[in-house]
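Results of the structural survey
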Amino acid sequence: MSNQKEKKLFAERLNSAMLEAKHPISPTYLSQEFNNRYSGQPISVQSANNWLLGKAIPNQDKLAVLALWLNVSNQWLRFGDIDQTNVPNINSLESTDLDFLLKFRKLSSSQKKLLNSLIDEILG
């Protein structure tokens with residue numbers, strides 16, 4: 001599949017997920033909501049517009065934030081090849097929880113095990 005076609009299909013899925021979640025299809029809205037959840041460099045309204053119009057696809061860490069926010073899987077949002085209906089509802093996550101989850105996903109397997117052991121010890 002061509003890169004341009006992939007971008008257009010991504011935009012269709014992004015727009016569909018936003019509509020399904022009852023969010024307006026607006027680059028300003030998208031950039032504001034995304035930046036409220038993302039701990040890295042904020043995106044511009046132009047970047048959000050490029051995502052919505054199929055001119056660009058976000059990188060993996062940004063895609064993960066979008067997927068969590070829109071309650072769809074990363075895989076579906078990026079490639080569209082799985083059923084999105086069985087994704088657990090994570091809309092109730094607060095921004096600090098989401099930030100922790102995104103940081104946790106960046107850890108190595110051994111670091112994740114260590115952190116899980118620490119949490120288990122704290123929780124007793």
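Everything here concerns the structure above.
Computed from a predicted model, the values in this text were never measured in an experiment.

**Things to note about the overall build of the chain**
Secondary structure assignment for the chain yields 7 helices and 0 strands. A sequence separation of at least 24 residues applies to 50% of the contacts in the chain between residues at least 6 apart. When the accessible surface of the chain is summed, it comes to about 7700 Å², and 52% of that surface belongs to carbon and sulfur atoms.

**Some thoughts on helix H1 (residues 3-20)**
Since the α-helix packs 3.6 residues into each turn, any two residues three or four apart lie on the same face. Compared with an ideal rise of 1.5 Å per residue, which puts 18 residues at 26 Å, H1 spans 26 Å between its outermost C-alpha atoms and is within 8% of the ideal. Along H1, the residues classified as buried are Lys7, Phe10, Ala11, Arg13, Leu14, Asn15, Ala17 and Met18. The inward-facing, buried residues of H1 abut helix H2 (27-37), helix H3 (45-53), helix H4 (60-70) and helix H5 (74-79). Note on H1: the residue one or two positions beyond its end, Lys22, has a positive phi of about 65 degrees.

**Describing a nonpolar patch on the surface**
A cluster of nonpolar side chains, namely Phe100, Leu118, Ile119, Ile122 and Leu123, defines an oily patch on the protein surface of about 520 Å² accessible area. Here the nonpolar patch gets 4 residues from one element, more than from any other, and that element is helix H7 (residues 109-123). Structurally, the position occupied by Leu123 is in helix H7.

**Structural notes on unusual backbone geometry**
Positive phi is not limited to glycine here, since Lys22 has a value of about 65 degrees. Topologically, Lys22 is positioned in the loop between H1 and H2. Look at Lys22 and you get exposed, because its relative accessible area is 72%. In the Ramachandran plot, Asn71 falls in the positive-phi region, its phi being about 60 degrees despite a non-glycine side chain. You can see Asn71 is positioned in the loop between H4 and H5.

**Describing the environment of Leu53**
If you trace the backbone, Leu53 turns up in helix H3. Taking the C-alpha atoms as reference points, Leu53 and Asn15, separated by 38 residues in sequence, lie 9.0 Å from one another. If sequence neighbours within four positions are ignored, Leu53 has contacts with Lys8 and Ala11.

**Quick look at the side chain of Asn15**
With respect to the element layout, Asn15 can be found in helix H1. Residues in contact with Asn15, not counting those within four places in the same chain, are Ile25 and Leu52.

**Description of the pattern of salt bridges**
Taken as a whole and judged by the stated rule, the model has 2 salt bridges. Notably, a salt bridge pairs Arg78 with Glu6, separated by 3.2 Å at the nearest N-O pair. Separated by 72 residues along the polypeptide, Arg78 in helix H5 and Glu6 in helix H1 bring together distant segments of the chain. For the salt bridge of Arg37 with Glu33, the shortest nitrogen-to-oxygen distance reads 2.7 Å. On the criterion of helical spacing, the pair formed by Arg37 and Glu33 is a turn pair, its members being 4 residues apart in helix H2.

What counts, and at which threshold
Residues numbered from 1 in each chain as written. Predicted model: local features only at pLDDT ≥ 70, side-chain atom pairs only at ≥ 80, totals over all residues. Heavy atoms only, no water. Helix = DSSP H or I, 4+ residues; strand = E, 2+ residues; numbered from the N terminus. Contact = heavy atoms within 4.5 Å. Areas by Shrake-Rupley, 256 points an atom, 1.4 Å probe, with all protein chains shown as cover. Expected span 1.5 Å × (residues − 1). Buried < 20%, exposed > 50% of the residue type's maximum accessible area, 1.4 Å probe, protein only. Patch = residues over 30% accessible without salt bridge, like charges linked within 9 Å, V, L, I, M, F, W, Y side chains within 5 Å. Salt bridge = Lys/Arg side-chain N within 4 Å of Asp/Glu carboxyl O.

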